[in-house]
Amino acid sequence: MSLTETAAFSKKASVWVGVGIVAIIFLLILLGIVGRARKALFPPKPLPPTVAFWKLPRMDLSEGIETRASKTFTLETVTGGFPMLPTQLKVFAIGEGESSFGQLDDLKKRLTNIGFGQEPVEISPGVLKFVDSEDGKRTMTVELATGNFTLERDLANDPAILNSRPTSIADAENRATDFLRRIGVNLVDFPTEKIGVMVMRVDGSTKTPTDSLSTANLIQLSFIRDDLDELPVIWPVEGKPNFYVTVSENEVVETKMVIKTVQKFKFATYPLKGPERAFEDLKRGAAAFNKPVTTSEVTILDIKLGYVESTKNEKYLQPVYLFRGTGDLVAYVPAVDDIWIK
């Protein structure tokens, strides 16, 4: 083959190679479009629930507010009916609990830094009580196995509290988060942007919510768990969080942390009963509320899914249907299909 023929053949070959590459790209694009259209018209069926924990214990709703009186529930959602919600959700395992403070010596060192230098007293197995070295009215009770704790102070007739006025909510948040970090509390699951705020005044031995900082003695910061799979996690009763810090003008006066070790990567999926059946459970009283129900008729404006973090349920964090009514009333009903409940 002469040089001229070789050049001509190479030119033709390169043209056909280019045409072939263009054809392959076009075919891939066409297959992608067809594949997407097929998925849109015939979406794949969701994976079946794993139900890996087998049958679950029945949820204990007693930490919430239950009502024995007969109530009438009316559905007035935006659509006038029940929303389209997922048919299965995750159930998360709750761990046995590990101390967030570390070993006892480390705990003593941390608490010494905030004024609790005296040797603790074991008031029950694994539960220690510390007393403030300078202020005997201030005590700290710690459960070693979990790291959960309660800080208390006698507020009645205390001039330092009664005559004080909190500077600002931002200052209270800074004091609260700094206090928790100093004693070794990890706030990764309780983001600061979800902190709830309640301003209060001291009336004798009680604390009463008030509307203004000018009439307040205290600010309570409640810590709310971050969403799980984009679903909210609420406390059983509004205004009674199981994790909060109360701050005066100059110091942290009360703290409570009774939380669960939710194992976000140890879960199983379970089928749900559906909002229709959950609504029937609500009507027959198989529900709890986040606040007292003061009317005989309750209007339901919205239905969503979420979780309730209660101290009463030790092994699993199960999903619930959240029925939202007027005045921030929320009723919650266990969501897992009854065939998977013991």
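Parameters at a glance
Residues numbered from 1 in each chain as written. Predicted model: local features only at pLDDT ≥ 70, side-chain atom pairs only at ≥ 80, totals over all residues. Heavy atoms only, no water. Phe/Tyr/Trp six-rings, centres within 6.5 Å; stacked < 30°, edge-to-face > 60°. Lys NZ or Arg CZ within 6 Å of the ring centre and 35° of its normal. 1 Å grid on protein atoms, 1.4 Å probe; cavity = no way out; pocket = protein on both sides within 12 Å on 5 of 7 lines; lining within 4 Å. Points joined across faces, edges and corners; volume = space filled by probe spheres on them. Nonpolar A, V, L, I, M, F, W, Y, C, P; charged D, E, K, R; others polar. Core = buried A, V, L, I, M, F, W, Y, C linked by side-chain atoms within 4.5 Å. Buried < 20%, exposed > 50% of the residue type's maximum accessible area, 1.4 Å probe, protein only. Helix = DSSP H or I, 4+ residues; strand = E, 2+ residues; numbered from the N terminus. Pairing = 2+ DSSP bridges. Axes fitted to C-alpha atoms, helices over the stretch in contact; angles between N-to-C directions. Contact = heavy atoms within 4.5 Å. Polar contact = N/O pair within 3.5 Å; in protein donor to acceptor, adjacent residues only side chain to side chain.

Caption draft 1: Examining the packing of aromatic side chains more closely. Counted by the stated rule, this structure contains ten aromatic pairs. The ring of Phe 267 has Lys 90 sitting right over it, with the charged end atom 4.1 Å from the ring centre.

Caption draft 2: How the structure looks around empty space enclosed by the protein. The tally for this structure, following the rule as stated, stands at two cavities of 30 Å³ or more. Its boundaries defined by the atoms lining it, the largest cavity holds a volume of some 70 Å³. In this model, the second largest cavity occupies a volume close to 40 Å³. In this structure, the second largest cavity is lined by Met 59, Asp 60, Leu 61, Glu 63, Gly 64, Pro 236, Val 308, Ser 310, Asn 313 and Tyr 332. A class-by-class count of the residues in the lining of the second largest cavity yields five nonpolar, three polar and two charged.

Caption draft 3: Layout of the nonpolar core. Within the largest apolar cluster, 30 residues are counted, with the highest numbers of intra-cluster contacts made by Leu 111, Met 140, Leu 180, Phe 223 and Phe 243. Broken down by secondary-structure element, the contributors of at least two residues to this core are α2 (104-112), β4 (127-131), β5 (138-143), β6 (149-153), α4 (169-182), β9 (218-222), β11 (243-247) and β12 (252-257). Element by element, the count of residues in this core is highest for α4, at four residues. Within the second largest apolar cluster, 27 residues are counted, among which are Ile 94, Leu 228, Ile 303 and Ala 335.

Caption draft 4: Structural context of the sheet that holds β5. Read from one edge of the open sheet, nine strands run β3-β4-β5-β6-β12-β11-β9-β7-β8, paired in antiparallel fashion. Either end of the sheet is taken by a strand with one partner, and the two such strands are β3 (121-124) and β8 (206-209). On average, adjacent strands in this sheet sit at an angle of 25 degrees to one another, irrespective of strand direction. Seen against the sheet, α2 touches β4 and β5 and runs at an angle of roughly 25 degrees to β4. Set on the sheet, α4 makes contact with β5, β6, β7 (196-203), β9, β11 and β12; between it and β11 the angle comes to about 120 degrees.

Caption draft 5: Spotlight on the sheet that holds strand β16 (residues 316-317). A sheet is described by the order of its strands in space; here three strands give the open sequence β13-β2-β16, paired in antiparallel fashion. Each edge of the open sheet carries a strand with a single partner, namely β13 (262-271) and β16. Relative to β13, strand β2 (residues 88-94) runs antiparallel, the two being bridged by seven bridges. Residue pairing across strands places Phe 92 opposite Phe 267, the latter belonging to β13.

Caption draft 6: View of the side chain of Glu 254. Mapped onto the fold, Glu 254 is located in strand β12. In this structure the side chain of Glu 254 is engaged in a polar contact, spanning 3.4 Å, whose partner is the side chain of Lys 207. In this structure Glu 254 touches Leu 151, Arg 153, Leu 155, Lys 207, Tyr 244, Val 245 and Thr 246, once residues within four positions along its chain are discounted.

Caption draft 7: Spatial organisation of the layout of surface pockets. When its volume is computed, the second largest pocket comes out at roughly 440 Å³. Lining the second largest pocket are 19 residues, and of these Ile 224, Val 237, Glu 238, Gly 239 and Asn 290 sit closest to its centre. If you list the elements that add at least two residues to the lining of the second largest pocket, you get β7, β9 and β10 (233-234). The element that contributes the greatest number of residues to the lining of the second largest pocket is β7, accounting for three residues. Tallied by class, the residues present in the lining of the second largest pocket amount to ten nonpolar, five polar and four charged.

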